[in-house]
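Descriptive analysis of the structure
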Amino acid sequence: MNIGIISDTHDNAEATERAIEIFREEGVEIVIHCGDFIAPLIVPYFEEFELHGVLGNNDGDVANLQAAFDSLGGESQLHGRFADLEFDGLSVAVLHGESKAEVEAIAAGETYDFVCYGHHHERELTDDGRTTVLNPGAHFLAKSEADRTVAILDTRSEAVRFRSVLE
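Structure report, in brief.

The next subject is the overall build of the protein. Of the regular secondary structure elements, the protein holds three helices and eleven strands. Along the protein, helices and strands appear, N-terminal first, in the series β-α-β-β-α-β-β-β-α-β-β-β-β-β. Principal-axis analysis of the C-alpha atoms places the extent of the protein at approximately 40 × 35 × 30 Å. The proportion of buried residues among the 167 residues of the protein is 55%. Across the protein, the fraction of contacts at a sequence separation of at least 24, relative to all contacts at a separation of at least 6, is 53%. Within the structure as shown, the protein displays about 7100 Å² of accessible surface, and the carbon and sulfur contribution to it stands at 44%. Here the protein holds 11 positive side-chain charges and 33 negative ones, and the gap between their average locations is 6 Å.

Written out as structure tokens, the structure reads:
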């Protein structure tokens, strides 16, 4: 199964639409959002997917974000500040990741196969023991155009690829 991973959409509808196109092309079934939706208006863009999201430091309208998730129905869920997920036997921790020390501590615990985070607007794919640390990049204020990306995780091969939302 292919999982799309995205973060820091910051109300950028155009880049979110491009991400949705990429997820369709890649046969994505589930999307993980690592926080900073900003406003609830971004959530309906993901209606064709099972969406799992966490809150970021700029997600102030929690009640309406929750209502937007509730309107998606199915298995979609806003998990608060941290999500503990499992797909095809892979364990995935999701947080916004304002504290890199927290991200690194979760990874160092080797409890999860993947630790996914956002916030820093810079993509990352590194291994820490048995755990892969993944930041999909950002859509707003990315460190560089190379960081304006989403990630695709293939749960069968455990391979991760980045795709630019600028293409």
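There's plenty left to go through after this.
Turning to the pattern of salt bridges, a few remarks are in order. Side chains that differ in charge, positive against negative, can pair when their charged atoms come close. Using the criterion set out here, one finds nine salt bridges in the structure. The residue R18 makes a salt bridge to E21 at a minimum N-O spacing of 3.3 Å. One end of the pair, R18, and the other, E21, are both in helix 1 (residues 13-25), three residues apart, so they sit about a helical turn from each other. By relative accessible area, R18 is classed as buried at 12%. Assessed through its relative accessible area of 38%, E21 is described here as partly exposed.

So, how was this worked out
- Residues numbered from 1 in each chain as written.
- Predicted model: local features only at pLDDT ≥ 70, side-chain atom pairs only at ≥ 80, totals over all residues.
- Heavy atoms only, no water.
- Helix = DSSP H or I, 4+ residues; strand = E, 2+ residues; numbered from the N terminus.
- Buried < 20%, exposed > 50% of the residue type's maximum accessible area, 1.4 Å probe, protein only.
- Contact = heavy atoms within 4.5 Å.
- Areas by Shrake-Rupley, 256 points an atom, 1.4 Å probe, with all protein chains shown as cover.
- Lys, Arg positive; Asp, Glu negative; His and termini not counted.
- Charge placed at Lys NZ, Arg CZ, Asp CG, Glu CD.
- Salt bridge = Lys/Arg side-chain N within 4 Å of Asp/Glu carboxyl O.

By themselves, these observations are geometric and do not establish any function.
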